[in-house]
Amino acid sequence: FLFDVDGTLTLSRQMVTVTMLTFLRELKNKVRIGFVGGSDFKKQQEQLGEDCGELFNYCFPENGLHYIKNNKLIESISYLDKVGEQRHNDLVNKSMEIMSKINLPKKRGNFIELRKSMVNISPIGRSCTQEERKEFSEYDRINDIRINIVNELKKCFNDLTFSIGGEISIDCFPNGWDKTYCLNHLRKENFKEIHFFGDMTHEGGNDYEIFNHKEIIGHTVTSP
Ligand code: M1P
């Protein structure tokens with residue numbers, strides 16, 4: 001059983017509950033379990049526990065471009081090596097240009113976060129508080145802020161994918177580096193069935209590609 005993190009195992013960027021941890025431990029006695037999420041491993045450890053590498057047989061931070069099996073790092077692939085400094089510059093410049101033209105009720109800091117295997121772009125800025133995050137999320141739901149940014153970016157970067165997974169940001173990575181990337185690793189394990197559970201399974205959501213993949217039995221969830 002393979003799980004998305006935010007909105008599936010936990011509320012967005014929140015800690016896992018004891019009930020969920022108990023459920024996962026019991027489940028692990030029956031099937032092998034893993035998670036795949038856009039966030040980096042540090043953020044996922046904050047949410048799922050420092051020892052989540054032990055709890056889950058498979059951890060796929062950054063959509064599986066970072067791969068941990070039985071608590072051992074197997075692989076970690078670099079976005080910058082793949083796209084190069086110039087293309088990354090182009091992306092940062094264009095994103096800042098688009099965001100500079102948007103007025104929001106609040107803007108904070110850390111608008112563009114470079115991770116190992118992706119870039120995370122946030123119109124309000126990742127350093128917003130939990131309350132500001134909720135406010136932005138509601139504002140975005142009504143005003144399509146992130147969807148409009150994605151549509152603008154798509155016009156200039158057809159080699160990159162822009163994906164909305166959480167509440168305040170957009171993940172950006174080379175085409176093919178969506179959550180289906182983790183199947184490159186899981187295929188080698190020869191599973192008879194892989195069930196995936198995620199909340200963002202609609203088109204444009206960051207679970208869409210893996211949910212619809214032919215090797216996957218997909219399940220949409222509405223909350224942890
Ligand atoms: O796991 C889903 C998303 O979680 C965070 O999104 P946000 O901060 O917008 O709620 C980010 O870490 C994002 O990369 C990730 O896809």
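Relevant structure appears above.
Residues numbered from 1 in each chain as written. Predicted model: local features only at pLDDT ≥ 70, side-chain atom pairs only at ≥ 80, totals over all residues. Heavy atoms only, no water.

### Looking at the environment of Lys94
Line of reasoning, step 1. Mapped onto the fold, Lys94 is located in helix α4 (residues 79-100).
Line of reasoning, step 2. Here the alpha-carbon distance between Lys94 and Met118, two residues 24 residues apart in the chain, equals 16 Å.
Line of reasoning, step 3. Once you skip the residues sitting within four places of it in the chain, Lys94 turns out to touch Leu153, Cys156 and Phe157. (Helix = DSSP H or I, 4+ residues; strand = E, 2+ residues; numbered from the N terminus. Contact = heavy atoms within 4.5 Å.)

### Observations concerning unusual backbone geometry
Line of reasoning, step 1. If you check the backbone angles, Glu62 has positive phi at about 45° while not being a glycine.
Line of reasoning, step 2. Inspection of the secondary structure puts Glu62 in the loop between β3 (58-60) and β4 (66-69).
Line of reasoning, step 3. Here the phi dihedral of Asn71 falls at roughly 70°; this positive angle occurs in a residue that is not glycine.
Line of reasoning, step 4. Along the chain, Asn71 turns up in the loop between β4 and β5 (72-76).

### Let's talk about the environment of Gln47
Line of reasoning, step 1. For Gln47, the position within the fold is in helix α2 (residues 41-48).
Line of reasoning, step 2. For Gln47, a relative accessible area of 1% puts it in the buried group.
Line of reasoning, step 3. The spacing of Gln47 and Ile142 is 95 residues in sequence and 28 Å in space, taken between C-alpha atoms.
Line of reasoning, step 4. Apart from residues no more than four positions distant in its own chain, Gln47 is found in contact with Val5, Asp6, Thr10, Leu11, Arg13, Gln14, Met15 and Val16. (Buried < 20%, exposed > 50% of the residue type's maximum accessible area, 1.4 Å probe, protein only.)

### Some remarks on the sheet that holds strand β7 (residues 119-121)
Line of reasoning, step 1. Taken in spatial order, the four strands make up an open sheet running β6-β7-β9-β8, and their pairing is antiparallel. Strand pairing shows two members of the sheet lacking a second neighbour, β6 (112-114) and β8 (160-163), which therefore form its edges. Geometrically, the sheet is characterised by an average inter-axis angle of 20° between neighbouring strands, direction not taken into account.
Line of reasoning, step 2. The pairing of β7 with strand β9 (residues 170-174) spans three bridges and is classified as antiparallel. Its bridge partner lying in β9, Ile121 is registered against Ile170.
Line of reasoning, step 3. Seen against the sheet, α4 touches β6, β7, β8 and β9 and runs at an angle of roughly 175° to β6. (Pairing = 2+ DSSP bridges. Axes fitted to C-alpha atoms, helices over the stretch in contact; angles between N-to-C directions.)

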